[in-house]
Amino acid sequence: LAKTTQPISMDSYEGQEVNITCSHNNIATNDYITWYQQFPSQGPRFIIQGYKTKVTNEVASLFIPADRKSSTLSLPRVSLSDTAVYYCLVGDMAGGFKTIFGAGTRLFVKA
Amino acid sequence: NAGVTQTPKFQVLKTGQSMTLQCAQDMNHNSMYWYRQDPGMGLRLIYYSASEGTTDKGEVPNGYNVSRLNKREFSLRLESAAPSQTSVYFCASSEARGREQYFGPGTRLTVT
């Protein structure tokens, strides 16, 4: 199972773009990269998933370099409501996928 | 469409007592999961069920048992609760193993 490393916490201000980087040096060929968001007293919520290059949806973008040993979650123009913990997961979609949530990155968005 | 529901929301047990946490999903998902989350920590996988009729151990299975009752329901049982099992328990489901997971609201369990 590929282990992930993320910053413990980050601060930002409303309206800024936030980039959270995750390292996964031993990612396997079949592994996908998935990001979740968790608010206090709630279960995690899926944000985005990708395999390589760039993926974008209505809430975030995910950048994955060619070697796939890291990935960056980009949140455009954050608001106070984006204050949460963000988890990066790496696993095989096809099978043998055992979800490993690390400690995540605590993002604080200030006014 | 309720998504993933969990009961109870809160529970206090004495050491040695047993209880079952219930989880149900109405999204026709094949895979279901049980996690625990200790204060300030990430989630740790206890057990998962890749499909109806199958269960498998996760990262921290000791002290727990699970039952995949049918496609909708996946229960977690503590046979003899210990203070170390004080935690928030989340159930999740996904269309298939490895796909995005949908989480329930959690059960806050305190063992005294």
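Just so it is clear, the model here is predicted, and its values are computed rather than measured. (Residues numbered from 1 in each chain as written. Chains lettered and ligands numbered in written order. Predicted model: local features only at pLDDT ≥ 70, side-chain atom pairs only at ≥ 80, totals over all residues. Heavy atoms only, no water.)

**Student:** Can you help me understand the overall build of chain B in this one?
**Tutor:** For chain B, the count of helices and strands is zero helices and 11 strands. Tracing chain B from N to C terminus, the helices and strands come up as β-β-β-β-β-β-β-β-β-β-β. For a compact globule of 112 residues, the expected C-alpha radius of gyration is about 13 Å, and chain B comes in at 13 Å, within 12% of that figure. Taking the principal axes of the C-alpha coordinates as reference, chain B spans close to 35 × 25 × 25 Å. Taken across its 112 residues, chain B has 47% of its residues classed as buried. Partitioning the contacts of chain B with sequence separation of at least 6, the portion at a separation of at least 24 is 55%. (Helix = DSSP H or I, 4+ residues; strand = E, 2+ residues; numbered from the N terminus. Rg over C-alpha atoms; globule rule 2.2 N^0.38 Å. Buried < 20%, exposed > 50% of the residue type's maximum accessible area, 1.4 Å probe, protein only. Contact = heavy atoms within 4.5 Å.)

**Student:** How should I be thinking about the overall build of chain A in this particular structure?
**Tutor:** Regarding its fold elements, chain A presents zero helices and nine strands. Counting from the amino terminus, chain A carries its helices and strands in the arrangement β-β-β-β-β-β-β-β-β. With the C-alpha coordinates aligned to their principal axes, the bounding extent of chain A is approximately 40 × 30 × 25 Å. Counting only residues that meet the buried cut, chain A has 45% of its 111 residues in that class. Of the roughly 5,600 Å² of accessible surface on chain A, 52% is carried by carbon and sulfur atoms. Positive and negative charge centroids in chain A, built from 10 and 8 side chains respectively, lie 5 Å apart. (Areas by Shrake-Rupley, 256 points an atom, 1.4 Å probe, with all protein chains shown as cover. Lys, Arg positive; Asp, Glu negative; His and termini not counted. Charge placed at Lys NZ, Arg CZ, Asp CG, Glu CD.)

**Student:** Explain the side chain of Thr105 of chain A to me, please; I cannot follow it from the model alone.
**Tutor:** Residues and elements named next belong to chain A. Position of Thr105 among the secondary structure elements: in strand S9 (residues 105-110). Only 3.0 Å separates the side chain of Thr105 from the side chain of Gln6, close enough to count as a polar contact. For Thr105, the residues in contact, after removing those within four places along its chain, are Gln6, Pro7, Ile8, Ser9, Met10, Ile20, Ala84, Val85 and Tyr86. (Polar contact = N/O pair within 3.5 Å; in protein donor to acceptor, adjacent residues only side chain to side chain.)

**Student:** Would you take a moment to explain the sheet that holds strand S7 (residues 70-75) of chain A for this structure?
**Tutor:** Think of a sheet as strands paired side by side through backbone hydrogen bonds, with each pair either parallel or antiparallel. Residues and elements named next belong to chain A. Pairing is antiparallel across the open sheet formed by four strands, whose spatial order is S2-S7-S6-S5. The strands lining the two open edges of the sheet, one partner per strand, are strand S2 (18-23) and strand S5 (53-56). Neighbour to neighbour, the strand axes of the sheet diverge by 15° on average, direction disregarded. Across four bridges, S5 lies against strand S6 (residues 61-64) in antiparallel orientation. Among the inter-strand pairings, Lys54 is bridged to a residue of S6, identified as Phe63. (Pairing = 2+ DSSP bridges. Axes fitted to C-alpha atoms, helices over the stretch in contact; angles between N-to-C directions.)

**Student:** So what exactly am I meant to see when it comes to the pattern of salt bridges here?
**Tutor:** Oppositely charged side chains can pair when the atoms bearing their charge come close. Per the counting criterion, the structure on display carries four salt bridges over all chains. Notably, a salt bridge pairs Glu79 of chain B with Arg77 of chain B, separated by 3.1 Å at the nearest N-O pair. (Salt bridge = Lys/Arg side-chain N within 4 Å of Asp/Glu carboxyl O.)

**Student:** When you look at the packing of aromatic side chains in this model, what are you seeing that I'm missing?
**Tutor:** Aromatic ring pairs are defined here through the distance separating the ring centres and the angle between the ring planes. Counted under the stated rule, the structure contains seven aromatic pairs over all chains. Ring geometry for Tyr36 of chain A against Phe46 of chain A: centres 6.0 Å apart, planes inclined by 80°, an arrangement best described as edge-to-face. Of the two residues, Tyr36 of chain A is situated in strand S3 (residues 31-38) and Phe46 of chain A in strand S4 (residues 45-50); the sequence distance between them amounts to 10 residues. For Tyr36 of chain A, a relative accessible area of 2% corresponds to the buried category. Among the residues examined, Phe46 of chain A registers a relative accessible area of 21% and is labelled partly exposed. Grouped by ring-pair contacts, the aromatic residues Tyr36 and Phe46 of chain A together with Tyr33, Tyr35, Tyr48 and Phe103 of chain B constitute a single cluster. Between the NZ or CZ atom of Arg68 of chain A and the centre of the ring of Tyr51 of chain A, over which it lies, the distance is 4.0 Å. (Phe/Tyr/Trp six-rings, centres within 6.5 Å; stacked < 30°, edge-to-face > 60°. Lys NZ or Arg CZ within 6 Å of the ring centre and 35° of its normal.)

**Student:** Mind showing me how you'd approach the state of the cysteines here?
**Tutor:** In a disulfide, the sulfur atoms of two cysteines are held together by a covalent bond. Residues and elements named next belong to chain A. A full pass over the atoms with the stated rule returns two disulfides over all chains. Here Cys22 engages in a disulfide with Cys88; their sulfurs sit 2.2 Å apart. Of note, the bridge from Cys22 to Cys88 carries an S-S torsion of about -80° and is left-handed in sense. Residue Cys22 is found in strand S2, and its partner Cys88 is found in strand S8 (residues 84-92); the two are separated by 66 residues along the sequence. (Disulfide = S-S within 2.5 Å.)

**Student:** Hey, could you run me through unusual backbone geometry in this one?
**Tutor:** Trans is the prevailing form of peptide bonds, just as negative phi is the prevailing case for residues other than glycine. Pro8 of chain B follows Thr7 of chain B through a cis peptide bond whose omega is -5°. Mapping Pro8 of chain B onto the fold places it in the loop between strand S1 (4-7) and strand S2 (10-13). With a phi close to 55°, Thr53 of chain A is a non-glycine residue in the positive phi region. Here Thr53 of chain A shows up in strand S5.

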